[in-house]
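Given next are the chains, with one letter for each unit.
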Amino acid sequence: MKLTSIPQLYRNLRRGREILRVLRRYGLADWISRTRRLPLQNWIKDRSGVPLTQYTRSQRIRMAITELGPTFIKVGQVLAARPDLVGNEIAEELKQLRNEVSPDSMEVVEATLAEELGPNFRKHFRHIEPVPLATASIGQVHRAELMDGQRVVLKVQRRGIEKMMREDLDVLEGLAQWADHVESLAIWGPSDMVRQLMPMILRELDFNRERSNLKQFAQILEADKAEIVIPSVFDQLCTRRVLVMEEMVGEPLAKVFERDDRTSSGESNEITRADLPPELGRTLARTYLRMVFEDGFFHADPHPGNLFCLQDGRLAILDFGMTGRIDEAMRESIEEMLAAINAGDCRRLTRLIRRVGNPRVDLDQSALEIDVADFVDTYGRQTLDRFDLSGALNQLSEILHRHGIGLPNQSALLLKMLISLEGTLREIGVGFDSLDIVRSYLRRVMIRRLTPARRLRQARRIYLESEAFMENAPEQLLSLMNQARLGQLQVRLEPKRFAPVVNRLVVGLMTSAVFLGSALMLSYEVSPVLFPDQPMFGIQRVSILGLVGLIASFSVMVALCLAILRSE
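Quick look at the structure, then.

1. Overview of the overall build of the protein
Okay, step 1: If you tally the helices and strands in the protein, you get 21 helices and 13 strands.
Okay, step 2: Counting only residues that meet the buried cut, the protein has 42% of its 568 residues in that class.
Okay, step 3: In the protein, 64% of the contacts between residues at least 6 apart in sequence involve partners at least 24 apart.

2. Some words on the side chain of Glu-247
Okay, step 1: Within the secondary structure layout, Glu-247 lies in the loop between strand E6 (242-246) and strand E7 (250-252).
Okay, step 2: Given a relative accessible area of 15%, Glu-247 falls into the buried group.
Okay, step 3: A polar atom in the side chain of Glu-247 sits 2.9 Å from the side chain of Arg-143.
Okay, step 4: Among residues more than four places away in sequence, those in contact with Glu-247 are Arg-143, Arg-151, Val-152 and Val-153.

3. Quick notes on the packing of helix H3 (residues 70-80) against helix H9 (residues 190-203)
Okay, step 1: Two elements in contact, H3 and H9, have axes whose closest approach is 10 Å; the angle formed by their N-to-C orientations is 110°. As far as their axial angle goes, H9 and H3 are roughly perpendicular. Of H9, the residues touching H3 (which contributes Lys-74, Val-75, Val-78 and Leu-79) are Met-193, Leu-197, Met-200 and Ile-201.
Okay, step 2: Grouping the amino acids of the contact of H3 with H9 by side-chain chemistry returns seven nonpolar, no polar and one charged.

4. Quick notes on the nonpolar core
Okay, step 1: The biggest cluster of nonpolar side chains holds 100 residues, and the ones touching the most others in it are Tyr-288, Phe-298, Ile-317, Leu-349, Ile-353, Phe-375 and Met-417.
Okay, step 2: In terms of residue count, the dominant contributor to this core is helix H17 (residues 409-428) (nine residues).
Okay, step 3: Discounting chain neighbours no more than four positions away, the residues touching Leu-349 are Met-337, Ala-340, Ile-341, Val-372, Phe-375 and Val-376.
Okay, step 4: Leu-117, Ala-144, Leu-146 and Val-242 belong to the second largest nonpolar core, which has 16 residues in total.

5. Brief notes about the sheet that holds strand E9 (residues 307-310)
Okay, step 1: Strand order in the open sheet formed by four strands is E5-E10-E9-E7, and the pairing between neighbours is mixed. Among the strands making up the open sheet, the edge pair consists of strand E5 (228-229) and E7.
Okay, step 2: Both E5 and strand E10 (residues 315-317) contribute to a ladder of two bridges, which runs parallel. Its bridge partner lying in E10, Val-229 is registered against Ala-316.
Okay, step 3: Across the sheet, helix H12 (residues 280-295) touches E5, E9 and E10, and the angle it forms with E10 is around 35°.

6. Considering the pattern of salt bridges
Pairs can form between side chains of opposite charge whenever their charged atoms are close.
Okay, step 1: Following the criterion strictly, the structure yields 23 salt bridges and no others.
Okay, step 2: Between Glu-145 and Arg-126 there is a salt bridge; the shortest N-O distance is 3.1 Å. Of this pair, Glu-145 sits in strand E3 (residues 139-146) while Arg-126 sits in strand E1 (residues 125-128), and the two are 19 residues apart along the sequence.
Okay, step 3: Accessibility expressed as a relative area gives 16% for Glu-145, which makes it buried.
Okay, step 4: One salt bridge in this structure joins Glu-227 and Arg-286, with 3.7 Å as the shortest N-O distance. Remark: Arg-286 occurs in helix H12 and Glu-227 occurs in the loop between helix H10 (207-220) and E5; sequence separation between them is 59 residues.
Okay, step 5: Each of the salt bridges in this network shares a partner with another, and the network as a whole consists of Arg-126, Glu-129, Arg-143, Glu-145, Arg-151 and Glu-247.

Definitions and cut-offs
Residues numbered from 1 in each chain as written. Predicted model: local features only at pLDDT ≥ 70, side-chain atom pairs only at ≥ 80, totals over all residues. Heavy atoms only, no water. Helix = DSSP H or I, 4+ residues; strand = E, 2+ residues; numbered from the N terminus. Buried < 20%, exposed > 50% of the residue type's maximum accessible area, 1.4 Å probe, protein only. Contact = heavy atoms within 4.5 Å. Polar contact = N/O pair within 3.5 Å; in protein donor to acceptor, adjacent residues only side chain to side chain. Axes fitted to C-alpha atoms, helices over the stretch in contact; angles between N-to-C directions. Parallel < 35°, antiparallel > 145°, perpendicular 65-115°, else oblique. Nonpolar A, V, L, I, M, F, W, Y, C, P; charged D, E, K, R; others polar. Core = buried A, V, L, I, M, F, W, Y, C linked by side-chain atoms within 4.5 Å. Pairing = 2+ DSSP bridges. Salt bridge = Lys/Arg side-chain N within 4 Å of Asp/Glu carboxyl O.

Interpretation in functional terms is not warranted from these geometric data alone.
Structural data, given as structure tokens:
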């Protein structure tokens, strides 16, 4: 065995044991909850003393992720945006994950600033507030004031978080490799799922990427700065672990909504939902749809906590750690899907779903078409004032999950952004329908697709791709013919679904052979033997090798039967 093939789980043995302990505890509780006749139903309890079997499976998954710490919480938050992978029920439960972490002390923050900005970092700041404004799993935010009096916010990476997250992801990758060999788990492609999630999580460790995103969005939305504001960054004070931004004076929409709820019970307030500008929702929807359909670069997390209502009535967008990009081909596919839903074209929508997603080899085409037809009948014929965009997106995610059609990362981020945006727009509740804006954009998009400039770009792209194909195809065809002539052409098949069955069959045959051989050794009293002279309990001259083989083979048989029953 190569050293590189050793699962990562064993490279970080201490952390691996902690993770396995938590997974074993919640996994056992999940198994007990599905086997009601077993005793000790209330044996495993949470910290408050409530038996874990009383929670739903989705709740137990969320509780296990919370107990595993910041890295797994971040993974869970990313999976909450991927209902196509985990299903709507689990995704909704994972949205409740919160980073319950204590902030680093001011001494630790100052040590990080000294490492990143130099030991004389204080010359840049007149004051840094010791109490953090916000704390997350990766970093924490402090208010500060520069020497020139400029009010800023200072985002500092938590001490040791990068090392811990890389170790945890290493262990997670090892667990995924193990899960690939478990028949009931392999269908979800655990290793592929981890490979998709790891880059998204590791990218958030580099604050330079967020700084670049801030500057790019500020440039994109420059024409809309009378309505939308992006915080400016101070490049000379930004590093991989430190980000200094302009302070946005206002309140997040999440607090406005909370205050509005308290107002209904008679409490005093400052800003309520009624005080929000009437055009705020339309501006927000128009801005995000422009990001998608025109710029191909969008802010992927528009929940109310990341949207600030400033004192001058403008809207500020914060937290650009999670962004998405879609290329022209993906954007055109999305536009065609919206047009297919609008036209009620089920067959075309099914083809587009298969083209955009990553369908399994054994996809049931007819079952998918039936689900898509039901989806179009439900949402394609609704009037604007009754259309439920988030419900439509959630049902589409459920269809993808049910048929095992995974989405590329960027498409999944787009789906998550649209669902989050719809929820925020509903919270604002300014009396307009977001689908009206979607359709107005769709009309503009269709007109743009018919312009001569786009047709020229499309023709140029087709020409270049055809030219590359014509240059490479003859050489590859000749190579294939030479391999066939020399008898070197090979066809490699990987019947992964049959591998567990074949393995069990081989183990069963080998166990049967050992059982039969052990029985023969017992019957012929093969030496060495137990009780050679004096019988005990009526037993005399028992072959030790035969007895050990009999016990071992019987144990393997029981384990094999249990494995078959568990996999149904």
